[in-house]
Amino acid sequence: MTKHVKGAEALPLNQILEGDCIDVMNSLPAGSVDLIFADPPYNLQLKGELHRPDNSKVDAVDDHWDQFNSFRAYDEFTTAWLKAARRLLKPNGAIWVIGSYHNIFRVGASLQNEGFWILNDVVWRKSNPMPNFRGKRFTNAHETMIWAGKDEASKYTFNYEALKALNEGIQMRSDWVLPICTGHERLKDEQGDKAHPTQKPESLLHRVLVGSTNPGDVVLDPFFGTGTTGAVAKMLGREFIGIEREAAYRKVAEKRIANVRKFDKEALTVSASKRAQPRVPFGQLVERGMLRPGEELYSMNKRHKAKVRADGTLIGDDIKGSIHQVGAHLEGAPSCNGWTYWCYRTEGKMVPIDVLRQQIRSEMHD
């Protein structure tokens with residue numbers, strides 16, 4: 001599937017592109033991508049084989065794509081792909097880069113040197129990390145992600161309320177406790193071995209994409225591997241572009257993504273900031289006859305009541321004012337959200353007046 005960008009070449013959406021990530025990115029139209037998620041080589045500098053206490057070999061990252069002759073060579077590579085990535089981002093685009101202590105500090109400096117504006121560093125704390133078999137250092141139980149806008153002025157996407165909802169109503173923090181890939185999620189090759197040594201869990205990408213993209217956004221992954229970014233993007237109704245030079249990884253990723261089912265439109269809708277929703281004055285409920293002048297409202301705690309007036313204000317025993325002012329006065333509180341404080345009675349049940357507000361808002365979106 002391809003999509004045409006006005007005044008530019010066609011974007012190869014929902015495809016895995018073969019080749020060097022820098023060359024491929026430079027061939028794509030500038031300013032065409034909403035988000036980049038990058039999991040570049042970590043440059044682990046492993047010396048020799050790694051064994052467990054029982055002398056069994058650890059399947060560590062010793063692939064040729066993670067080998068660099070020097071830190072300078074790695075920095076030059078990092079600068080080149082970041083420059084290509086920044087060119088691709090829309091003005092309000094953003095990038096996530098994940099890494100370990102081996103590379104993330106060098107990547108962070110390069111991000112700033114290339115003009116990106118760092119928004120957060122997020123620590124992915126692994127709930128089930130691989131032990132340190134040599135016993136000479138701390139167990140590496142986390143990786144670091146850097147989230148950055150294209151520049152300081154970027155109006156990046158941040159779905160604050162959606163992330164808060166994911167976290168049971170509590171503001172999402174910058175330390176995320178999630179498990180590494182194990183069991184059914186860990187992809188295997190035809191020999192039954194790990195298909196990729198650093199496969200990222202879908203839960204990590206789910207949180208990234210729900211938090212920093214919207215349905216229909218274009219997400220590019222220049223180090224696509226076995227396609228976690230593409231699989232989650234497809235599920236969440238985002239478009240993806242993957243770049244991967246290793247044929248074995250492309251083969252696994254294509255099969256994996258073909259088996260992914262996209263969520264329906266209703267399931268893709270996430271919680272939005274209340275400030276982003278259209279304002280509905282309480283008086284509009286009275287004007288439309290949803291509540292009548294003289295009708296009584298009751299506090300959620302059933303301790304207080306007030307009467308609706310024709311101008312959309314309330315009158316209580318010794319107070320007149322808005323739904324918020326009257327509620328605050330009756331509770332002796334500095335403020336009150338009248339929409340969630342007041343209820344009306346219908347068919348013998350107490351119903352929050354916010355239900356009526358949401359009914360009006362739904363009509364505005366139709």
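This is a predicted model, so every value here is computed, not measured.

Participant: Explain the environment of Ser212 residue by residue, including any values.
Facilitator: Note that Ser212 resides in helix H5 (residues 202-212). Taking the relative accessible area as the measure of exposure, Ser212 reaches 6% and is therefore buried. Between the C-alpha atom of Ser212 and that of Ala162, which follows or precedes it by 50 residues, the distance is 9.9 Å. In terms of polar contacts, Ser212 uses its side chain to reach the side chain of Trp96, at 3.1 Å. A distance of 2.6 Å separates the side chain of Ser212 from the backbone oxygen of Val208, its partner in a polar contact.

Participant: Requested: an account of the packing of aromatic side chains, with residues and values cited.
Facilitator: To describe a pair of aromatic rings, you give the distance between the ring centres and the angle between the ring planes. Scanning the entire structure with this criterion turns up 11 aromatic pairs. Aromatic side chains Phe224 and Phe240 sit 5.7 Å apart centroid to centroid with 10° between the ring planes, which places their arrangement in the stacked category. Separated by 16 residues along the polypeptide, Phe224 in the loop between strand E9 (218-221) and helix H6 (228-235) and Phe240 in strand E10 (residues 239-244) bring together distant segments of the chain. Exposure remark for Phe224: the relative accessible area of 3% places this residue in the buried category. On the basis of relative accessibility, which here comes to 4%, the residue Phe240 falls in the buried class. Members of the aromatic cluster, connected to one another through ring pairs, are Trp96, Trp147, Tyr156, Phe158, Tyr160 and Trp176.

Reading the values: the criteria
- Residues numbered from 1 in each chain as written.
- Predicted model: local features only at pLDDT ≥ 70, side-chain atom pairs only at ≥ 80, totals over all residues.
- Heavy atoms only, no water.
- Helix = DSSP H or I, 4+ residues; strand = E, 2+ residues; numbered from the N terminus.
- Buried < 20%, exposed > 50% of the residue type's maximum accessible area, 1.4 Å probe, protein only.
- Polar contact = N/O pair within 3.5 Å; in protein donor to acceptor, adjacent residues only side chain to side chain.
- Phe/Tyr/Trp six-rings, centres within 6.5 Å; stacked < 30°, edge-to-face > 60°.

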